[in-house]
Amino acid sequence: MWEKKPILLLVLATCAIMVGTIVTMILPFAWVNTEADRIEGVTPYTALQQEGRDIYIRDGCNNCHTQTVRPLVPEVLRYGDYSKSGEFVYDRPFLWGSKRTGPDLARLGGKYPDAWHYKHMESPRSMVPKTNMPDYGWYSNNLLDPQMIQRKMETLGFPYTAEEIKDLEGKNDMDAMVAYLQKLGSDIPWRDAAETTIVGDLVNPYADANQETISGWAPIYADNCAACHGPNMEGEIGPELIGEDYDDEILFTIIYTGITDGGMPSFSNLGTDKVWKLTNYIRTYQAEGSQ
Amino acid sequence: MENQTYNYAIVRSFVTWSMIWGLVAVLVGVIVSLQMVNPDLNFPPYLTFGRLRPVHTNAGIYGWGIGVIFAAFYYIVQRLCKVPIWSDKLAKFQLWLFNATITASAVTLLLGYTTSKEYHEMEWPIDVMVVILWVAFSINIIMTILKRKEEQMYISLWYMMAAIVGVAILYLVNSAAVPVSFFKSYSAYAGTNDANVQWWFGHNAVAMVLTAPFLGMFYYFLPKTTGVPIFSHRLSITAFWSLIFMYLWTGAHHLLWTPVPDWIQTLAMGFSIMLIAPSWGSVFNGYLSMNGQWHQMRENYLVKFLILGITFYGLQTLQGPMQAIRTFSAFIHYTDWVPAHIHMGTMGWVSMICFASIYYLIPRIYGRELYSIPLADLHFWLTLVGQLIWSISLWIAGVLQAGMWNAMNSDGSLTYTFMETMVEMYPYWWARVLGGVIYMAGLVIFIYNIYMSVKKGEPTAVPTITTEGRA
């Protein structure tokens, strides 16, 4: 019958389409982003952070980076605590993404010091030689438009102060982007909860390794440490390592657990074996450097 | 001589423009695939991967996909209803608005005006253009159907009508936003809600743009080409209603393991598996319509495109539900497996049907035979080989990277850093460039063949149509 009645077909098709739509798209509004979802400490973006977020959108960063950590073991180990609904209540639009050409950024905030981000955005390959991320040094030449940003804050209904808007004068896209990246995922104190604790005695398994063996571990240093401490340990974003004289256990602990407040990330996800190799490599090299 | 009253001029225009946008989409696709292997090919601010990739996807979906839908359905609706389209003027307006919209989309996306929502990146003024465009098309199609001279509506028209409604609902809901300026707006939904609405839209854009109309085209062009009717009318009815009912539940399979409520994910997973049935209903209907006609695969280049198209559709609708299973999604999601899956659908299923439709239409709207069948055969093989290289290499890449992301040492630490897994992708990304270039070569040959047919093709044996549109 409906095959001869176009209006009836349109009505029936609309009904068929609306059932799933109502159940899976409209109904969830009753639960999502409600009081039950609320997480203490999650705050709206500041004017500078929000502008950074809009630049992230403008340049399509979400085409290569996701912003949601799934509750899966390798994922939590790699990026940090899994994402929770209440962390995203101020995100318009959401930026979870669908493809990880680059790493997930949901827990990036506070992982590295600002200087790391400035250098990395300017020239990603200077820190990660084989990356395919394009250079964003041109951000430093784009001055922000405080009036426009104020309008955005008004539209979003986010709190801001006149002083905050005035401070945007002279700041550029790069400053905004770094401010945004440093906010990502840091509203909940997950880093404290996820801090690694070392139990038991630390015994250097490579105490007897010879010079030749140890120099073979150079690539581990180059891949993980050189970006901040320099290819020859001369220091840059992080301190110079030559001349430092920590013993094996302390150096291992610093690398393995990181110095959360000092901008040194934890490298526990490399595993104890690689961290011991790094410890021995750095100590051997330090000895040479201090001679 | 009733044919002479049909408006074929509008069909010709949409064929031409859809091919132009198709070439743009594929060309930009090849460019961004090269940017993936060499970051020095990014030219900021306008020509960076992040800005070009939406141009590629939107030119492909809206310029090429919807362009061919407009062309094919303006033809099909007139033939199936045995009346000319309701309004020539509205159709002409729609053609201009279509090109203005696609052009404006490409320009604004390169300028960085984007909402970031996938397959819906364009800012709100362009949303308004799209809505007017779709309303114009819908009115013209529905009014033509209402004044039809053939009482029974054929399957193709059901699919188009469902898509008309579906696209309207999806697009309107997902574009709700609060404007800050002419070029910037914020989504009406926040965080998890926004994600859920977006992927309800995203997955059903696949249903209502890249599936329903193309099934309608397949159901029309296959019997027309082979000369034998569709195998089962009853099967097509069952498949139609269950398809448009089930699709809408599945959007959250793009959001498995995210903060979206668990029960929505579970429903999405279940309905995704069930979707195999209606999808394969159409696949079987297509295959069984070939009973006794399989020899045409050798003899008729058009049948090859149609049958390979529906084959890709069948593979796509098996692979998709597999990815929608939580455990498999946990492993494969966010890797290059995903673009490989999408491109099997777009380069295989959708584009094969687009090519077949245009090949079928050319003699009928221009009154000239195809310029070269060997070139069409070559086009077929380049399309097939290009697409297979593209997808197979990235399936391998996806499994490889997923394996490396998940690899753990005996002490519970991760075996590989992110960069160690990324550098392994380069050879496969090069293979993708190769697949894309082969595919583009096929597309260029296709456009050349169509151009030469229009210019130099032999007049069709029975000149049943005029080339001047409506008498």
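If you're wondering where the values come from, they're calculated on a predicted model, not measured in any experiment.

Peer 1: How would you summarise the pattern of salt bridges if you had to cite specific residues and measurements?
Peer 2: Residues and elements named next belong to chain A. Here the structure, examined in full by the defined rule, presents 27 salt bridges over all chains. Residue D59 is joined to R58 by a salt bridge in which the shortest nitrogen-to-oxygen separation is 3.0 Å. Taken as a pair, D59 and R58 share a single burial class, namely buried. For R100, the salt bridge identified is with D104, shortest N-O distance 3.4 Å. With a relative accessible area of 1%, R100 lands in the buried category. Judged by its relative accessible area of 5%, D104 is buried.

Peer 1: Just give me the short version of the interface of chain B and chain A, but keep the residues and values in it.
Peer 2: Many structure descriptions define interface size as the accessible area lost when the parts assemble. Listed by partner, the interface residues are 96 residues for chain B and 85 residues for chain A. For the chain B face of the interface with chain A, the top three residues by lost area are Y186(B), Y334(B) and L414(B), together amounting to 10%. Linking chain B with chain A are 5 salt bridges, by the criterion used here. For the side of chain B that touches chain A, the element with the highest residue contribution is helix α6 (residues 191–208) of chain B, accounting for 11 residues. Among the residues making up the side of chain B that touches chain A, the classes are represented as 57 nonpolar, 27 polar and 12 charged.

Peer 1: So what about α6(B)? Which residues, and what values?
Peer 2: The terminal C-alpha atoms of α6(B), which comprises 18 residues, lie 25 Å apart, in line with the 26 Å expected from a rise of 1.5 Å per residue. Extensive coverage of α6(B) is indicated by the burial of 17 of its 18 residues.

Peer 1: Account for the nonpolar core, naming residues and giving values.
Peer 2: Residues M217(B) and Y359(B) are the most contacted members of the largest nonpolar core, which totals 169 residues. Sorting elements by how many residues they give to this core places helix α2 (residues 49–81) of chain B first, with 19 residues. When near neighbours in sequence (up to four residues on either side) are disregarded, M217(B) contacts V68(B), I69(B), A72(B), F73(B), I76(B), I353(B) and S357(B). One finds I55(A), Y136(A), A176(A) and V180(B) within the second-largest nonpolar core, a separate group that totals 36 residues.

Peer 1: Break down the pairing of strand β2 (residues 184–187) of chain B for me, with residues and values.
Peer 2: Residues and elements named next belong to chain B. Taken together, the 4 bridges between strand β1 (residues 177–181) and β2 define a ladder with antiparallel strand orientation. The residue bridging V178 from the neighbouring strand is Y186, located in β2. Remark: 2 residues form the turn of the hairpin made by β1 and β2, two consecutive strands paired antiparallel.

Peer 1: A description of the domain arrangement of chain A should follow, citing residues and the corresponding values.
Peer 2: All names here are of chain A. One can read the domain layout of chain A as domain 1 (47–190) and domain 2 (211–290). Put simply, the middle of domain 1 and the middle of domain 2, counted by C-alpha atoms, are 28 Å apart. Listed as interface residues are 9 residues of domain 1 and, on the opposing side, 7 residues of domain 2. Joining domain 1 to domain 2, the criterion identifies 1 salt bridge. Among the ionic pairs, K119 bridges to E236, the shortest N-O distance being 2.8 Å. Our enumeration of links across domain 1 and domain 2 arrives at 3 residue pairs in polar contact (both at pLDDT 80 or more). Of all the elements in the fold, those that place two or more residues in the side of domain 1 that touches domain 2 are α3 (73–79) and α4 (114–122). Partitioning the side of domain 1 that touches domain 2 into residue classes produces 6 nonpolar, no polar and 3 charged.

Peer 1: Any details on the packing of aromatic side chains? Residues and values, ideally.
Peer 2: Per the counting criterion, the structure on display carries 62 aromatic pairs over all chains. Where W337(B) meets W395(B), the ring centres are 6.1 Å apart and the plane angle is 50°; that geometry is what we call tilted. One end of the pair, W337(B), is in helix α14 (residues 337–366); the other, W395(B), is in helix α15 (residues 373–406), with 58 residues separating them in the sequence. Taking the relative accessible area as the measure of exposure, W395(B) reaches 17% and is therefore buried. An angle of 85° between the planes, with centres 5.1 Å apart, marks the rings of Y359(B) and F446(B) as edge-to-face. Of this pair, Y359(B) sits in helix α14 while F446(B) sits in helix α17 (residues 426–456), and the two are 87 residues apart along the sequence. Here Y359(B) falls in the buried class, since its relative accessible area comes to 1%. Ring pairs connect the aromatic residues W64(B), Y301(B), F305(B), F355(B), Y359(B), F380(B), W381(B) and F446(B), which therefore count as one cluster. When the ring centre of Y82(A) is taken as origin, the NZ or CZ atom of K84(A), which lies over that ring, is 3.8 Å away. A cation over an aromatic ring shows up here: R12(B) above the ring of Y366(B), its NZ or CZ 5.5 Å from the ring centre.

Peer 1: Talk me through unusual backbone geometry; I want residue IDs and the actual numbers.
Peer 2: Put simply, R92(A) and P93(A) share a cis peptide bond, and its omega is -10°. Within the secondary structure, P93(A) is located in the loop between α3 and α4. Its identity as a non-glycine residue notwithstanding, Y119(B) has a phi of 65°, on the positive side. In this structure, Y119(B) sits in the loop between α3 (88–110) and α4 (124–146). Look at Y119(B) and you get buried, because its relative accessible area is 13%.

What counts and what doesn't
Residues numbered from 1 in each chain as written. Chains lettered and ligands numbered in written order. Predicted model: local features only at pLDDT ≥ 70, side-chain atom pairs only at ≥ 80, totals over all residues. Heavy atoms only, no water. Salt bridge = Lys/Arg side-chain N within 4 Å of Asp/Glu carboxyl O. Buried < 20%, exposed > 50% of the residue type's maximum accessible area, 1.4 Å probe, protein only. Contact = heavy atoms within 4.5 Å. Buried area = accessible area lost by both parts, 1.4 Å probe. Helix = DSSP H or I, 4+ residues; strand = E, 2+ residues; numbered from the N terminus. Nonpolar A, V, L, I, M, F, W, Y, C, P; charged D, E, K, R; others polar. Expected span 1.5 Å × (residues − 1). Core = buried A, V, L, I, M, F, W, Y, C linked by side-chain atoms within 4.5 Å. Pairing = 2+ DSSP bridges. Domains from an automatic or database assignment. Polar contact = N/O pair within 3.5 Å; in protein donor to acceptor, adjacent residues only side chain to side chain. Phe/Tyr/Trp six-rings, centres within 6.5 Å; stacked < 30°, edge-to-face > 60°. Lys NZ or Arg CZ within 6 Å of the ring centre and 35° of its normal.

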